[in-house]
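Here is how the chains run, residue by residue.
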Amino acid sequence: REQVMGVFRSLIFLLSFRLLHVAKGSTVWLNKNGYEDLVVAINPQVPEDANIILNVMNMIKNASNYLFEMTKHRFFFKSVKIIIPKTWKKNINYSRLKTESYDKADVIIADPYIKHGDDPYTLQYGGCKEKGRYIHFTPNFLLNDKLANVYGEKGRVFVHEWAHYRWGVFDEYSSDMPFYVSRNSKAASVEATSCPAGVAGIPVFQDCSGDKCEPRSCRYDGQLYEKGCMFIPDIRQNIPCSVMYLQYVLSVVEFCDKNTHNSEAPNMQNKMCNHKSTWEVIMESDDFRNSTVVNASAPPSETTFRLLQTQDRAVALVLDVSGSMSMHDRIRHLRSAAEAFLLHIIEIGSWVAIVTFDSDASEKAPLQQITDDAARQKLVQCLPIIASGKTNICAGIRKGLKLIADKMNTTYGSEIVLLTDGEDSGIATCLDLVKQSGAKIHTIALGPLAAKELEEFSTLTGGLKLYAVDGAVHNKLTMTFSAITSGSGDISEQSIQLESKELLVQHSGWMNTTVPVDKTVGNDTFFSVAWSLSQPFFFLRDPKGKEHGSSDFTIDNSNPNTARLSISGTAEVGDWQFSIKNLHTATQAISVTATSRAAYSDVPPVNIAAHMNRANRAFNPVVVYAEVSQGFLPVLGATVIATIEKDGAAAVTLELLDNGAGADTMKNDGIYSRYFTSLQGTGRYSLKVNAHGRNTTTRLSLKRNRALSLLGYRENGKIYMNAPRPKFADKEIKVKLGSFSRISTSSLVVNTGGDSAPIYPPCKVTDLHAHIENKTIVLSWTAPGGDLDNGKADHYIIKSSGNLLDLRNHFDHATSVNSSNLIPKEAGREESFKIKLENVIIKNDTVIYFAIRAVDDTNLISEVSNIAQTTWFVPPKASVPLEYDGNNEGADSTVIVAIVAVCVTVVCTIVSSTLCVLQKRKGRVDFETMQ
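Some points on the state of the cysteines
As used in these notes, a disulfide is a covalent bond between sulfur atoms, one from each of two cysteines. Enumeration according to the criterion identifies 5 disulfides in this entry. Linked covalently through their sulfurs, C195 and C256 form a disulfide whose S-S length is 2.3 Å. Looking along the S-S bond of the C195-C256 disulfide, the torsion reads about -130°, which is the left-handed sense. With C195 in the loop between β11 (189-192) and β12 (201-209) and C256 in the loop between β16 (230-233) and α6 (268-272), the pair connects residues that are 61 residues apart, well separated along the chain. Overall, the relative accessible area of 0% leaves C256 in the buried class. Residue pairing for C208: its cysteine sulfur links by disulfide to C213, the two sulfurs lying 2.0 Å apart. Disulfide C208 to C213: torsion about the S-S bond roughly 110°, handedness right-handed. Sequence-ordered numbering of the bonded cysteines in the protein chain gives a pairing of 1-8, 2-7, 3-4, 5-6, 9-10.

Listed below in C-alpha cells is the structure:
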C-alpha cells in the first residue's frame, strides 16, 4: 500500500505546478512563455450575439501582442476556451464542456446590475502578488466601439486587467486622491497621482449646468485642488509607461519599473505592494521565474480558440455505505442531507444518478432527469438506509461514471458528488480514469478519518473540496450539500441558503429563530426542523401572522427526525419566526434550515460566497473571506459571522470585517475578511459564514480595481472632454431590500508542518493617516491584534523621516517618536495619537513621513505600516484660463454614460495639512495620546 501511495503522491507533486491554479478556480497554466487554457465564459442572461464571440477573440489576439511587448518579449496568450451558455442556439462548432465552468472562469462576460456600468474590472480578494478571482467585461464594452474613446483599445485594457488578475498588482491612479503634494523636485508642488511622476497634462474642473459642461482651471482648496478637479493627460506622451495608469495612451508600452516608479503617489499599488513598482512585483512571480525572454519581435504563435457550450447538468451521487457509516448516526444524516439536496437544492432539469459503495458499488438509481417534484421524490426513495462492509472508493467512482456514460454517451461536463468517511488504499488505481473522464468530482469528507488523499480527486478536476464534522443532527452535512449548486452562472436557478442554525435545547426550553425573506428571494422556499432525540413542539409564523403548526409540516417515515414545509408560490417578504419547545426529558440538539431561490429572473438576489485559504504573505496565515453582493455590486454594512470547525476541537467564531485593515485588503468593497489564528494542527477545517442585514437601507458600492476611463485629453494645447459620467450620491447606490440573511460554506485542508498551533505577530497596519490640527500632528489607524488582527498588541513603535524610501527600508534607524503612553486597543478599533509642535520653526516645502510597527507580548513585531505623509506647503496662485474645444471632434461627443470612479483606499495617506520641519533648535516636540 505504501508503495502505491508513494507513486500516487509523486504524481500529484509533478502535477502540482499546473494544478495549483485549478485549486484556486483557474486552469490557466504557463507553457514555456504562452498562457494555455484561459477560460472566458458568457453569462446565460446575455442575449445571443455572435459579435460578442468575435470581439472577445479579437481583443485577446491583440492583447497577446501587447502583452508580449509590454512584458519585454516574455508572455503571450497561446490558447483560449470560450464557454457559450446553453441558452444560446446549439452549433456544430461548439464542443462539450469538460471540467470548465462559468463559476471557475478567468474572464466573465455579463451585464452589470445597473445600466451603463461598463467599467472593466478585476475582482481581487487578496494582497500584493495574490491572484484575482476573475476579470469582468460587459457585453456593451465588447460591442460598442465608441467606448474605445473612454477606455482605450480593448486589447490594451485586457492587459491592464490581466496584470491585476495574474500577478496581483494594483492601479497606479487614485480616484479618491487624484492629486497630492510631491517632493520629487526641489520644491514641493501639486502633482497628479500617476506612475511615472511627471505625466504631461492639466488639472481641469467641469462646471456643469444640466447636460452642458464647461471646463475651467481648478482652484486650490487648502494645499490641494478643489474636490471634483480631474487630471486631463496629454494624448501624446514622451514616456513609455505605465500600463496600470494610462493604458489608453498609444505610446504606453511598459509597466513602471524600479527606475520609473513613483513611490510617492497615493495609489493602491504603493499601498498594497509596499511602494514597489508593478514590474518588480511581476518579476517576483512564478511566471517570471519559469520563463525566459523570447528572441523574436512577435509572439511565437497566434492565439487559438475553442468554443464550448454548457449542457444540462448531470450529477451522480456516489455515497459511502461502509460499516463506519453506521457510527455517529452518519447513514441517517447522509440520507437526510441527500434528501434535502434532491428535493430542494439541485436545479430543475438536472439529471441525477445514485450509486452506493462499500467493498463494491451498487446502482441505486440510473441517470434520470428531474422534471417535477414527483421525479425528485422518486430519487429520494432510492437513498440508502443501511451501512455495512469495507470501503472501495474507486468502485463507486467507476459505477457513477458508467451510469452517466450509459445515458449521455460521454462523461464530459458531468459531476460526481463523492461522500466518504473512511480510508481506502486503492485510490490511486482510478486516478487516471478520473483525469480522462472530463468529469468534475466534488468531494465530501465526513468525520475525522476520511481518506487523506480524497481531495486529490477535486484538485485534479476542479471540483469542490468539502468537509463536514459529525453532529447530533444532520444540518452540518445538509449545509455542505447545499454548496453543490450549478456552476452555469444562472443565479436565478440556484438554491440560496437563508438559515442553518443548531442549538442544544434543555428540557422545556425554547429555541426562537427569525428567518428574514427579502425582496430578492422567495421562490421554492422551504423550511425544516430537525431533532436528535424526539419531536419537539414547534410552529412557524409568517410575516402576516399566519401560523404553520407541526401538522402542516411533512415527516417522512424513512426520515422521522426531520419535518419539512414547502411554501407554494413566492414566500411573503418579511420575518418568518420559528418557535420550538423541547418536550423531551433531556437536552437535545435542534436545528432549523431554510432555503429559497430568486424571486425574479431579472433581479439578482443578494448572494454570499465564502472562501478560506492560506495567504501568499508572511507566515502564510489562513484568511477567511466572504463576498456579499447583489449581481456584481458589493453589499456594504452587513454583519458577517464566520464559524470554523474541526473534529475534536471547539468551534471558533469570527466577525469578518470590510474595514480595509488587517486581512481586509480594501474598505467597502463587499469582501469581508479576517485572519484565522486558532489553528489546531494539521487537518480539515469547515467554514460556515452567515451574512445578515436588519431593516436598514442596504448600500451597494461600485467595483474597484478598474481600468481608468479617459475623462478627456489635451492635444496641441486644446482640451477635448468626453461626456461626464453619472454621479451617485456618496459614490454608493442605496436600495431598500428589507432584512436579509444568507449562509455559505467552504472548507480547507491545512498542513501546519508539525506546528500544532502557529504563533503570529501583529498584522501590518495598512491605513495609517496623518493630518494637522492647529500645531498638532494627528496620526490615526486601525488597531492590529496581538495575533495578526485578533486580540490586541502590547505596544507600538512610531518612526518619522524626511525620506519615504529611507523610512521603508531602514525603519529601525529612523527618528523615533515617543509613544510610551499609548496603550493599544483591541483589534479593529480606531487608534489616534497626537504629536504637539511647540516652539518649532515652520519651513515651507517640507515633507515628513510617518510609519508604525506593532509589537505583541512575546516581542513579535509586525511589518512596517503604510507610510503617511504630512506637508507644509503654500500653493501658487491660480493658473491661466484653459483653451477648450467645445465641439470636441477628437473625442466622441455622444453622451457616454459610465460609472463614476469610486474611492480607492490610499497608499500613503497624503493629507492636505500644514507641517513643519522639526529643526533642532531650542524648540521641543511633545507627544500625547488622543483621549
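Now that the structure has been shown, we can carry on.
With respect to unusual backbone geometry
Backbone torsion omega between C195 and P196 reads 5°, so that peptide bond is classified as cis. In this structure, P196 sits in the loop between β11 and β12. The omega angle of the peptide bond from C241 to S242 is 20°, so this bond is cis rather than trans. Looking at where S242 falls in the secondary structure, it is placed in the loop between β16 and α6. Notably, H73 is not glycine yet its phi reads approximately 65°, a positive angle. By secondary structure assignment, the location of H73 is in the loop between α2 (50-70) and β4 (76-77). A relative accessible area of 27% places H73 in the partly exposed class. Positive phi outside glycine occurs at N859, with the angle close to 70°. N859 sits in the exposed class, given a relative accessible area of 58%.

Some words on helix α14 (residues 475-482)
Among the 8 residues in α14, 8 count as buried, and that is most of the element. When α14 is considered as a whole, its buried residues turn out to be N475, K476, L477, T478, M479, T480, F481 and S482.

Quick word on the sheet that holds strand β36 (residues 639-645)
In a beta sheet, neighbouring strands are held together by backbone hydrogen bonds and run either parallel or antiparallel to one another. As summarised here, the arrangement of the 4 strands in space is β37-β36-β39-β44, forming an open sheet in which the pairing is antiparallel. On the outer flanks of this sheet lie β37 (652-656) and β44 (740-750), each paired with one strand and no other. In this sheet, neighbouring strand axes are inclined to one another by 20° on average, regardless of whether the strands run parallel or antiparallel. Bridging between strand β39 (residues 683-693) and β44 involves 11 bridges; their strand directions are antiparallel. Within β44, the residue paired with G693 across the bridge is F740.

Focus on the packing of aromatic side chains
Going through the model one piece at a time under the given rule, you end up with 31 aromatic pairs. Where F255 meets W279, the ring centres are 6.3 Å apart and the plane angle is 20°; that geometry is what we call stacked. One end of the pair, F255, is in the loop between β16 and α6; the other, W279, is in helix α7 (residues 278-283), with 24 residues separating them in the sequence. Judged by its relative accessible area of 7%, W279 is buried. On the numbers, 6.4 Å between centres and 65° between planes, the contact of F619 with Y760 is edge-to-face. Here the residue F619 occupies a position in the loop between β33 (606-614) and β34 (622-630), and Y760 occupies one in the loop between β44 and β45 (769-773), the gap between them amounting to 141 residues. On the accessibility criterion, F619 (48% relative accessible area) is partly exposed.

So, how was this worked out
- Residues numbered from 1 in each chain as written.
- Predicted model: local features only at pLDDT ≥ 70, side-chain atom pairs only at ≥ 80, totals over all residues.
- Heavy atoms only, no water.
- Disulfide = S-S within 2.5 Å.
- Helix = DSSP H or I, 4+ residues; strand = E, 2+ residues; numbered from the N terminus.
- Buried < 20%, exposed > 50% of the residue type's maximum accessible area, 1.4 Å probe, protein only.
- Pairing = 2+ DSSP bridges.
- Axes fitted to C-alpha atoms, helices over the stretch in contact; angles between N-to-C directions.
- Phe/Tyr/Trp six-rings, centres within 6.5 Å; stacked < 30°, edge-to-face > 60°.

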